[in-house]
Amino acid sequence: MERGDLAVVELQRNSTNFAKVIEEIVKIEKKIFPKHESLSRSFDEELRKRNSGLLYMIDLHGEIVGYVMYSWPTSLSASITKLAVKESHRRQGHGEALLKAAIQKCRTRNVHRISLHVDPLRGAAMGLYQKLGFQVDSLIKSYYSPDRDAFRMYLDFDPK
Ligand SMILES: CC(C)(COP(=O)(O)OP(=O)(O)OC[C@H]1O[C@@H](n2cnc3c(N)ncnc32)[C@H](O)[C@@H]1OP(=O)(O)O)[C@@H](O)C(=O)NCCC(=O)NCCS
């Protein structure tokens, strides 16, 4: 998938650069997310689960500028488990491109619903999810930590 000088790539479990890509993403993850919200210690484990995938965006020089992780635990529903764009590369449409690509991947599994959790204070993420049609389902108190809640959001598809 091409986006100007950027490309969205699917991480392959058996690829030779698997460890290097994870290492880069863990670095970005640590910069962006507080510990209790970070998957940095469990990325590898998450990705080794069947039914999960990771797409990342690279620039001309091969630098990773963002990533999105998704899973489809059942044949009916999928989740977006992580989405981030490097601070220096934000507001250029990359987050939207990554999320759309992940939605497309989930749709190929024929799921009826994609859900996710987001801290209501994450304005940029809320704006993006709403732009792509996600709706708020409910507020889950103390989801991330005792004083940080989450909205559960969902996007439904019409049966084909
Ligand atoms: C959320 C995030 C991935 C957005 O990435 P991005 O590449 O900057 O977003 P885009 O440029 O693709 O923006 C797409 C849409 O998102 C919304 N958006 C993005 N940044 C926004 C901001 N600062 N304020 C409000 N809305 C914003 C807008 O609707 C925007 O559409 P528009 O350009 O037509 O206005 C990025 O801000 C990020 O990594 N944030 C920290 C991590 C995070 O919160 N992840 C999600 C929770 S897991």
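Within any chain, residue numbers begin from 1 and follow the written order of that chain's sequence. For a predicted model such as this one, the threshold for reporting local features is a pLDDT of at least 70, and the threshold for listing and counting side-chain atom pairs is 80 or more; totals across whole chains, interfaces and linings nevertheless cover every residue.

### So, the overall build of the protein
Defined as follows: Helix and strand assignments come from DSSP, with helices taken as H or I runs of at least 4 residues and strands as E runs of at least 2, each series counted from the N terminus. Only C-alpha atoms enter the radius of gyration, while the globule expectation follows 2.2 Å times N to the 0.38, with N the number of residues. Buried, partly exposed and exposed are defined by the number of other C-beta atoms within 10 Å of a residue's own C-beta, namely 20 or more, between the two limits, and 12 or fewer respectively, with C-beta atoms placed from the backbone.
Each helix and strand in the protein was counted, giving four helices and eight strands. When its helices and strands are written in sequence order, the protein yields β-β-α-α-β-β-β-α-β-α-β-β. On C-alpha atoms alone, the protein measures out to a radius of gyration of 15 Å, which is about the 15 Å that the 2.2 N^0.38 rule sets for 160 residues. The dimensions of the protein, computed from C-alpha atoms along their principal axes, are 40 × 40 × 30 Å. Burial status across the protein gives 24% buried among its 160 residues.

### Observations regarding the UniProt feature "domain: N-acetyltransferase" (unreviewed entry) in the protein
Put simply, the rule is: UniProt positions are given in the numbering used here, feature names are shortened, and annotations may be inferred rather than shown by experiment.
Sequence positions flagged by UniProt for "domain: N-acetyltransferase" (unreviewed entry) are, in local numbering, residues 6–158. Between the end C-alpha atoms of residues 6–158 the distance is 31 Å, and the span holds 29% helix and 36% strand.

### Points about the environment of S40
The following threshold applies: Contact definition: two residues whose C-beta atoms, as placed from backbone geometry, lie within 7 Å.
By the element assignment, S40 lies in the loop between α1 (18–32) and α2 (43–48). Classification of S40 as partly exposed rests on a count of 18 C-beta atoms within 10 Å. For S40, the contacting residues outside a window of four places in its chain are V26, E29 and K30.

### Comments concerning the site of the ligand
Which entries qualify depends on this criterion: In this entry, near means the residue's backbone-placed C-beta atom lies within 6 Å of the molecule or strand. Note that Gly is not counted as nonpolar here; it falls among the polar residues with everything else outside the nonpolar set of Ala, Val, Leu, Ile, Met, Phe, Trp, Tyr, Cys and Pro and the charged set of Asp, Glu, Lys and Arg.
Inspection of the region around the ligand gives 20 residues, with R90, G95, E96, G127 and L128 positioned closest. Every element with two or more residues in the shell around the ligand is listed here: β5 (77–85), α3 (94–107) and α4 (123–131). Looking at the shell around the ligand, the element that brings in the most residues is α4, giving six residues. Tallied by class, the residues present in the shell around the ligand amount to eight nonpolar, six polar and six charged.

### Brief notes about the nonpolar core
Stated formally: One nonpolar core equals one set of buried Ala, Val, Leu, Ile, Met, Phe, Trp, Tyr and Cys residues connected by C-beta atoms within 7 Å.
Counting 34 residues, the largest nonpolar core has L55, Y67, V68, L98, A102 and C106 as its most contacted members. Per element, the largest residue contribution to this core is six residues, and it comes from α3. Residues within four places of L98 in sequence aside, it is in contact with V8, L55, M57, G66, Y67, V68 and L83.

### As for the confidence of the model for the protein
Condition: What pLDDT reports is the predictor's confidence in each residue, on a scale of 0 through 100.
Chain-level statistics for the protein give a pLDDT mean of 91 and a share of 96% at 70 or above. Looking at the elements of the protein, mean pLDDT is at its lowest for strand β1 (residues 2–3), recorded as 61, and at its highest for α4, recorded as 98.

### Points about unusual backbone geometry
One non-glycine residue, R91, lies in the positive phi region at around 60 degrees. When you line up the elements, R91 lands in the loop between β5 and α3. R91 sits in the exposed class, given 8 other C-beta atoms within 10 Å. Of note, N110 is a non-glycine position whose phi angle comes to about 65 degrees, a positive value. By the secondary structure assignment, N110 is in the loop between α3 and β6 (113–118).

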